[in-house]
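# Fold and geometry: a report
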Amino acid sequence: MKDRLQALRLFQRVARLGSFSRGGRERGLSQPSASRIIAELEREIGATLFIRTTRAVTLTEAGADYLARIEPLLASLDEADHIARGTGELRGTLQVAISSSFGVREVIPRLPAFMARHPALRINLQISDERQNLVVEGVDIAFRLGPLADSTAVARKLATAPRVLVAAPDYLARAGTPQTPAELANHAVIIGPVADPEQHWSFVRESRRLSVRVDGRLSAAANEGAMAAAVAGMGIARASLWGCRAELADGRLRQILADWAMDSVELHAVFPGGRAASPAARAIADYLAAAIAEAP
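Below is a summary of the structure that appears in this document. These figures come from a predicted structure and were not determined experimentally.

### What about the overall build of the protein chain?
Each helix and strand counted, the protein chain has ten helices and 13 strands in total. On the principal axes, the C-alpha backbone points of the protein chain span a range of 75 × 45 × 35 Å. Counting only residues that meet the buried cut, the protein chain has 42% of its 296 residues in that class. Across the protein chain, contacts joining residues at least 24 apart in sequence account for 73% of those joining residues at least 6 apart. Just so you have it, the protein chain exposes about 15,500 Å², and 52% of that area is on carbon and sulfur atoms.

The structure is reproduced here in structure tokens:
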């Protein structure tokens, strides 16, 4: 029973990751051992689960159907084990997808306390500014900022942060501090990381709504690039509070036009559809939501 369960868990990870070596590594196995165990599982079932080539490992039709049927069972077993222990202890490996800036700034600094509570839990951070396919990449939970694309995934809003305009003190000393959104036309603007194709920034004050078209010589696809450019005095940048909290706190950047509200940025925990979220995925979502709510 134990060997069969281990084989099923290995099959699940190999199927999600498309690799015997990566799936085996997660389970503490070498690539040859992982391949042998899957071959034995296929013999026991009487069906070929994977198509193996030198370039990829992909599921057969029978393998895809088998995966769809066993994943809810494995999730239910994990949940039953978690409840039966009655200690709140989390085990296994949790696959977490996060963007680079939010991960480095807001998630990783909070991980030590979470992992200290759950010493039997391993966490694999899949850090990328591209939105991963949760099913293909074998992700248990993704933390995503901004609008969510339509999908079969299940999302839960964890927090909201205001978007702010920031600039370096030396830039403001040199170019002056704008007092109204209209004055942005006379300033250097850093475009990014989320750019409107027409580059309009929207503001609200006392029920008055205003949209200003901005133009800049410098654009950055990632928040860290935009913030580095702003700290270097290259102009005014827009970011969520999460994306510039550290620079505001230590004075490298200052907020401008603070009396004009911009749109907010939502943080969601996203879980792959088709199966229940694991206890570990739910726990880290709860923990991060509480930790961010307590932040100054």
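There's plenty left to go through after this.
### Re helix H9 (residues 241-249)
By the burial criterion, the buried members of H9 are Trp242, Gly243, Cys244 and Glu247. Where H9 ends, the next residue or the one after it, Gly251, has phi of about 85°, a positive value.

### Details of unusual backbone geometry
Positive phi, normally seen in glycine, also occurs at Ser207, with a value near 70°. Position of Ser207 among the secondary structure elements: in the loop between strand S8 (200-205) and strand S9 (208-213).

### Description of the packing of helix H8 (residues 223-231) against H9
Contact geometry of H8 with H9 gives a least axis separation of 10 Å together with a crossing angle of 30°. For the element pair H8 / H9, the angle class is roughly parallel. Relative to H9, H8 is oriented so that their crossing is right-handed. Two secondary-structure elements touch here, H8 through Asn223, Met227 and Val231 and H9 through Gly243, Cys244 and Glu247.

Rules behind the numbers
Numbers given for residues are sequential positions, taken from 1 along each chain in its written order. In keeping with the predicted nature of the model, local features appear solely for residues at pLDDT of at least 70, side-chain atom pairs appear and are counted solely at 80 or more, and the whole-chain, interface and lining totals rest on all residues. In computing side-chain properties, one takes all heavy atoms of the structure into account and sets aside hydrogens as well as water. Note on conventions: DSSP H or I runs of at least 4 residues are helices, E runs of at least 2 residues are strands, and numbering of each starts at the N terminus. Burial here depends on accessible area, computed with a 1.4 Å probe over protein chains only, as a share of the maximum for the residue type. Under 20% is buried, over 50% is exposed, and the range in between is partly exposed. Contacts are residue-level and defined by heavy atoms, with any inter-residue pair within 4.5 Å sufficient. Per-residue accessibility takes into account occlusion by the displayed protein chains alone, with areas from the Shrake-Rupley method and a 1.4 Å probe. Only C-alpha atoms enter the line fits that serve as axes; for helices the fit covers just the stretch in contact. Angles between N-to-C directions range over 0 to 180 degrees. By definition in this entry, angles of less than 35 degrees are roughly parallel, angles greater than 145 are roughly antiparallel, angles of 65 to 115 are roughly perpendicular, and the rest are oblique. Helix crossings get a hand from a simple test, with the near helix turned counterclockwise from the far one by less than a right angle marking a left-handed crossing and a clockwise turn marking a right-handed one.

In short, the description is geometric, and any link to function would need to be established separately.
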